[in-house]
Amino acid sequence: MSENVSPRQSASSAFLLVAVGGFSLFWAVFLSMLMRNSFLDVDIENLWYHLVLRIAFFIGFGACSFGLSRTPEGAIGTGQRRIMTVFAILFSVIAAGSSASYFVTQTAHPLAFDFIVWGLSGAGLCCLFFLWIETVTAVSQSSIVKCLALSVVCGCGFYLVITMLPSPFNIAMLAICPLISLGILKTLPREPEDPPAADSAPARPALSADQTVESATNLEAIPLTESKKNARLSWAFGAIYVIYGIVFGLGSGSVTQIAGDATLFVGIAALAALGALAAFAFMRRFSGRIEQSNMLRMVFPFLVIALVPMSFMSDVVYTLCNLLLLGAYVFVLLTSIAFELQTARNRKASYLFFIGTSQTALSGGLVIGYGLGFAASATGAINLSMLSGIALGLVVLLAAFVTFAPIEPLIHDPAPVEPAPANGASAAKTGESAAEAAERQAEHEKGHWRACCAALAERYALSPRETEVFYYLAKGRGIEHIQNKLYISSHTVKTHTYNIYRKMNVGSREELLDIIEEEKRAQRGE
């Protein structure tokens, strides 16, 4: 990994502003494909046709997510990135070409043609999504949360602009947005978290955009086999996202039958933005202090509130219930991405494996949800009240899954500390090279250091939160770094630090580090 790019940047205002602007263009297009819009749906008379197109879109999106989650190297390589860029550009070509041909000829395309086109569009937009996810993995967790939430909020505004534009300008903007997003992605500035002093190391040559992305991503390049072993996802991890997807698919599919007007489009943008802001507030408040399964439980009341009235209400209330499901979908989507990026880092697994797996399951559920809507519309055998009842039954099943199934990936216990080779002869005896021996020694020291910190935390009766702060203090980290990592205020960090000093009877950071060194020597028997 290149030394001049930090994989965990604390994003500057310039970086965050540019990233939010570029990522928001993706969300604007994604919402246009997911929900009702003023240009792709306006001339389609049959509801089932709307649903078939969305089914094709999420088949493409899910297939692409699955393929990326199974990347053997665990990260996007240079060649693979070029292919993904081509697919993202293909989305724009398809959107412009197919829409322009209809606009000129006023002749509908065959269903098979539209199905293939929407499937390729889903794959192309998925490629753009993962290119942006790759970029945000290079910044700190707090910056990731900001970027995700703010980009969706801005994307909702762009979605509203697209839907309000007259034809053919709306189609043109739909086609141009991914291209602009790719252009921003290529030119996005990247800054090290701690820039070197002017009189220190000599300046290094600047990297190109592709080289910078490659450098920032190399830390996450954990092979697929190792990622599977480290993540140890339970079978219920994918199942719960499938069920969520079915519920959200039923809600999104129902929106396509509602007459498209300015009020509906404003409602779609507003509820999606509220879902993003709720996700931002949640992650700022609870990240690191709550499990992903508990986050999923918190969505239940909103799903019940949305689904129960749908069984017997109509018109305005029915529309609001479906839009509430959209807000819940955005909340789950963003919080899941943030949780999975954090978990991938903590458990030494590829972010592609985590996010690709959840997006595959969620897309599969959306396909099934849209499929149920298609069955109701095409055959007339299922009415909307029955669909709402099915969705409510799925929420009950979902509650059972989250409550009783092993949804959370198993959390690693600290690895047992193995005796390190005493000298180079021991390394040679085991067939290790000097580099391998040094790496093994470093791992040994890291495990020994954590064991010392854990022993001290238990001895001085530190609370779980104080223990977390203690680990960072032991690394020499400052207040600002700790508050960004743990998502707490500087005042809270100072309070925990005061309590730690009081319990350990020290008056400075140096005295704290001396205690840790004494503990290390004691455990070694020195």
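Remember, predicted model here, so these are calculated numbers, not experimental data. (Residues numbered from 1 in each chain as written. Predicted model: local features only at pLDDT ≥ 70, side-chain atom pairs only at ≥ 80, totals over all residues. Heavy atoms only, no water.)

(A) Molecular detail of the overall build of the chain. The secondary structure content of the chain amounts to 21 helices and zero strands. Residues classed as buried in the chain amount to 51% of the 526 residues present. The contacts of the chain with a sequence gap of at least 6 include a subset with a gap of at least 24, amounting to 83%. With an accessible surface of roughly 23000 Å², the chain has 64% of that area assigned to carbon and sulfur atoms. (Helix = DSSP H or I, 4+ residues; strand = E, 2+ residues; numbered from the N terminus. Buried < 20%, exposed > 50% of the residue type's maximum accessible area, 1.4 Å probe, protein only. Contact = heavy atoms within 4.5 Å. Areas by Shrake-Rupley, 256 points an atom, 1.4 Å probe, with all protein chains shown as cover.)

(B) Region of interest: the pattern of salt bridges. All told, the structure shown has four salt bridges when counted by the stated rule. Across the salt bridge formed by Glu-134 and Arg-81, the nearest N and O atoms sit 2.7 Å from each other. Of the two residues, Glu-134 sits in helix 4 (residues 111-136) while Arg-81 sits in helix 3 (residues 78-105), which places them 53 residues apart along the sequence. Using a relative accessible area of 2% as the deciding quantity, one classes Glu-134 as buried. Overall, Arg-81 belongs to the buried group, its relative accessible area being 5%. With a shortest N-O distance of 2.8 Å, Lys-503 and Glu-466 are connected by a salt bridge. Here Glu-466 lies in helix 18 (residues 464-474) and Lys-503 lies in helix 20 (residues 490-504), a separation of 37 residues in the sequence. (Salt bridge = Lys/Arg side-chain N within 4 Å of Asp/Glu carboxyl O.)

(C) Summary view of the nonpolar core. Among the nonpolar cores identified, the biggest contains 119 residues, and Phe-30, Phe-129, Tyr-244 and Tyr-329 are the most heavily contacted of them. Top element by residues in this core is helix 13 (residues 315-346). It accounts for 16 residues. Residues contacting Phe-129, with those up to four places away along its chain left out, are Phe-23, Phe-26, Trp-27, Phe-61, Ile-337, Ile-355 and Gln-359. By size, the runner-up hydrophobic cluster in this structure holds 21 residues, among which are Trp-449, Ile-488, Val-493 and Ile-515. (Core = buried A, V, L, I, M, F, W, Y, C linked by side-chain atoms within 4.5 Å.)

(D) Layout of a positive patch on the surface. A surface patch of positive charge is lined by Lys-348, Arg-450, Lys-475 and Arg-477. Within the secondary structure, Lys-475 is located in the loop between helix 18 and helix 19 (479-486). Owing to a relative accessible area of 51%, Lys-475 belongs among the exposed residues under this scheme. (Patch = residues over 30% accessible without salt bridge, like charges linked within 9 Å, V, L, I, M, F, W, Y side chains within 5 Å. Lys, Arg positive; Asp, Glu negative; His and termini not counted. Charge placed at Lys NZ, Arg CZ, Asp CG, Glu CD.)

(E) Structural detail: a nonpolar patch on the surface. A grouping of Ile-89, Val-93 and Leu-179 is seen on the molecular surface, where their side chains present a nonpolar patch of about 240 Å² in accessible area. Among the structural elements, Val-93 can be located in helix 3.

(F) Broad picture of the packing of helix 20 against helix 21 (residues 509-524). At a minimum axis separation of 11 Å, helix 20 and helix 21 run at an interaxial angle of 55 degrees. Of the possible angle classes, the one that applies to helix 20 and helix 21 is oblique. Crossing hand, helix 20 versus helix 21: left-handed. Here helix 20 contributes Ile-500, Tyr-501 and Met-504 to the contact with helix 21, which in turn contributes Arg-509, Leu-512 and Ile-515. Of the residues in the contact of helix 20 with helix 21, the class split is five nonpolar, no polar and one charged. (Axes fitted to C-alpha atoms, helices over the stretch in contact; angles between N-to-C directions. Parallel < 35°, antiparallel > 145°, perpendicular 65-115°, else oblique. Left-handed = near helix turned anticlockwise from the far one by under 90°. Nonpolar A, V, L, I, M, F, W, Y, C, P; charged D, E, K, R; others polar.)

(G) Broad picture of a negative patch on the surface. Together, Glu-510, Glu-511, Asp-514 and Glu-518 give the surface a local cluster of negative charge. Along the chain, Glu-510 turns up in helix 21.

(H) Inspection of the packing of aromatic side chains at higher detail. Using the criterion set out here, one finds 23 aromatic pairs in the structure. Summarising the aromatic geometry, the rings of Phe-470 and Tyr-471 are spaced 6.5 Å apart at their centres and angled 35 degrees between planes, so their arrangement reads as tilted. Just as Phe-470 is buried, Tyr-471 falls in that class too. Each residue in the set Phe-23, Phe-26, Trp-27, Phe-30, Phe-57, Phe-58, Phe-61, Phe-129, Phe-130, Trp-132 and Tyr-370 is aromatic and connected to the rest through ring pairs, giving one cluster. (Phe/Tyr/Trp six-rings, centres within 6.5 Å; stacked < 30°, edge-to-face > 60°.)

(I) The arrangement of the state of the cysteines in detail. According to the stated counting rule, one finds zero disulfides in the structure shown. With no disulfide partner, Cys-452 has as its closest neighbouring cysteine sulfur the one in Cys-453, 6.9 Å distant. (Disulfide = S-S within 2.5 Å.)

(J) Summary view of unusual backbone geometry. With a phi angle near 55 degrees, Ala-461 is a residue other than glycine that sits in the positive phi range. Mapped onto the fold, Ala-461 is located in the loop between helix 17 (434-459) and helix 18. Despite not being glycine, Asn-505 has its phi angle at roughly 55 degrees, a positive value. Looking at the element boundaries, Asn-505 is found in the loop between helix 20 and helix 21. Given the relative accessible area of 70%, Asn-505 is considered exposed.

(K) The arrangement of the environment of Ala-279 in detail. In this structure, Ala-279 sits in helix 10 (residues 262-286). The spatial distance from the C-alpha of Ala-279 to the C-alpha of Val-332 is 7.7 Å, given a sequence separation of 53 residues. Ala-279 has contacts with Phe-331, Leu-334 and Thr-335, leaving out every residue within four places of it along the chain.

(L) Quick peek at the confidence of the model for the chain. Looking at the chain, pLDDT values average 76 and 72% of them are 70 or higher. When pLDDT is averaged over each helix and strand of the chain, the minimum, 40, is found for helix 7 (residues 209-218) and the maximum, 92, for helix 4. Note that pLDDT drops below 50 for residues 190-219; the model gives that stretch 46 contacts with residues more than four away or on any other chain. The low-confidence segment residues 408-430, where pLDDT is below 50, has 32 contacts with residues more than four positions distant or belonging to other chains. (pLDDT = per-residue confidence, 0-100.)

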